[in-house]
Amino acid sequence: MTSLINARKTGSVGRITLNRPEALNALNQEMVDGLIKALLGWRDDDAVKAVVVDGAGGKGFCAGGDIRMLAESGKAGGDEAWKFWRDEYQLNTLIFEYPKPYIALIDGITMGGGVGISVHGSHRVAGDRTMFAMPETGIGFHPDVGGAYFLPRLKGETGMWMGLTGARLKAADSLAAGVATHYVPSDRQEALIAALESAELDADGEALEDILEAHAGDPGESDLAHLGGLIDAAFAGDELAAMKARLEAAGDAWSAKQLSILNSKSPTSCAVTLAALRKGADLDLRAVMQQDLRVSMRLLVEGSDFYEGVRAVILDKDNAPKWGPQMRPEDVEAMFVPLEAEREQSFLD
């Protein structure tokens, strides 16, 4: 379809391979457009029983979005960032509502935009190389692509911990958290794809589940399974200062590490993320996508931490951002009000 999206039909499966390995398959506008075109083309195609998405290169399923372009667009006052987010969030909505099995092989780095094109699908298959995270607070941004929908719906306060700290989950932890639905060892994933392509997949999904089970392995023990009590105790409530105080008072090594991580993140991003996740717990997916667009644009247009985060992490790579001050509660709430009419998007189309 494009040089960056290899979309084809093989057997009864629609196959999409993200083909930008030099950037760990990070999404740009061309890739978002290609994914939407392929999924719309197969949605009503009776010959396509399921969609399988993977990433080329062996290291990244999809490491995020085109952060450099977004920052450049914001600085120039252009429409590229708004268009990218609008279309990306439309893609996330399309995946969430897709009427056929959507199988994302997240065997590699899966962050930000890569989470958005995997976690909203029906099947997320982890492998030995899986590294799943929403690290946006470390670049002055927020967990968009529907993060405020799926993170609050994880067990306890796991989603709040992930959203605020950018915690990285490997295969076993991804399964324990619920962001992965299956585990297939990396060396069996090609065989899994071949089996899916040659299978006669049925409408009730039984054949698909049989194939996944036949190729499954043991991901090992999850560290996350033993941390639930600590996470829930530390990250409850609606106040970041209280979370930090509980971590400081806990007195254990894990809590001390989480506090250090939190203190390194953008105060603005953490405040907005906390509010977004609490609001998202009561919203449907489409409403969260609308919320994401509002917050993303405001962080781009009205804030400075996003540009400082991009400078520190992407451009200069000194990993020493100089964040702005903590936002007042009323300023946090202002991030969520509707955009001007020409920027607002309902996600109902």
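Trainee: Teacher, can you tell me more about the pairing of strand β5 (residues 102-106) here?
Mentor: Two faces, one strand: in a regular strand the side chains alternate between the faces of the sheet. Among the five residues in β5, five count as buried, and that is most of the element. On β5, burial covers both faces: Tyr 102, Ala 104 and Ile 106 on one face and Ile 103 and Leu 105 on the other are all buried. Direction of pairing for strand β3 (residues 50-55) relative to β5: parallel, over a ladder of three bridges. Bridged to Val 51 within β5 is Tyr 102. Sheet topology places β5 next to strand β7 (residues 123-126); four bridges connect them, and they run parallel. Paired with Leu 105 across the strands is Val 125, a residue of β7.

Trainee: How should the pattern of salt bridges be read in this particular structure?
Mentor: Pairing is possible between side chains of opposite charge, provided their charged atoms come close. According to the stated counting rule, one finds 19 salt bridges in the structure shown. Residue Arg 86 pairs with Asp 87 through a salt bridge whose shortest N-O separation is 2.9 Å. Measuring nitrogen to oxygen at the nearest pair gives 2.9 Å for the salt bridge that ties Arg 311 to Glu 308. With Arg 311 and Glu 308 both in helix α15 (residues 305-315) and three residues apart, this pair spans about one turn of that helix. Considered together, Arg 311 and Glu 308 belong to a single accessibility category, that of buried residues. When salt bridges that share partners are traced, they join Glu 308, Arg 311, Asp 316 and Asp 318 into one network.

Trainee: Would you mind going over the side chain of Arg 20 with me for this structure?
Mentor: Structurally, Arg 20 can be placed in the loop between β2 (13-18) and α1 (29-43). At 4.2 Å, Glu 22 is the nearest oppositely charged side chain to Arg 20, a buried residue that forms no salt bridge. Of note is the side chain of Arg 20, whose polar atom sits 2.9 Å from the backbone oxygen of Ala 26. Not counting residues up to four positions away in its chain, the partners in contact with Arg 20 are Leu 4, Asn 25, Ala 26, Leu 27, Asn 28, Met 31 and Asp 66.

Trainee: How do you make sense of the packing of aromatic side chains when you look at a structure like this?
Mentor: A ring pair, where both rings are aromatic, is described by two values, the distance of the centres and the angle of the planes. In this structure the tally under the stated criterion is six aromatic pairs. Look at Phe 141 and Phe 306: their rings are 5.3 Å apart centre to centre, the planes differ by 45°, and that puts the pair in the tilted class. Taken together, the positions of Phe 141 in the loop between β8 (131-133) and α5 (147-150) and Phe 306 in helix α15 put the pair 165 residues apart, joining distant regions of the chain. According to the relative accessible area criterion, Phe 306 is buried, its value standing at 1%. For the ring pair Trp 161 and Trp 254, a centre distance of 6.3 Å and an interplane angle of 45° mean the geometry is tilted. Note that Trp 161 is positioned in helix α6 (residues 158-165) and Trp 254 in helix α12 (residues 253-264), a separation of 93 residues in sequence. According to the relative accessible area criterion, Trp 161 is buried, its value standing at 6%.

Quick notes on the rules
Residues numbered from 1 in each chain as written. Predicted model: local features only at pLDDT ≥ 70, side-chain atom pairs only at ≥ 80, totals over all residues. Heavy atoms only, no water. Buried < 20%, exposed > 50% of the residue type's maximum accessible area, 1.4 Å probe, protein only. Helix = DSSP H or I, 4+ residues; strand = E, 2+ residues; numbered from the N terminus. Pairing = 2+ DSSP bridges. Salt bridge = Lys/Arg side-chain N within 4 Å of Asp/Glu carboxyl O. Lys, Arg positive; Asp, Glu negative; His and termini not counted. Polar contact = N/O pair within 3.5 Å; in protein donor to acceptor, adjacent residues only side chain to side chain. Contact = heavy atoms within 4.5 Å. Phe/Tyr/Trp six-rings, centres within 6.5 Å; stacked < 30°, edge-to-face > 60°.

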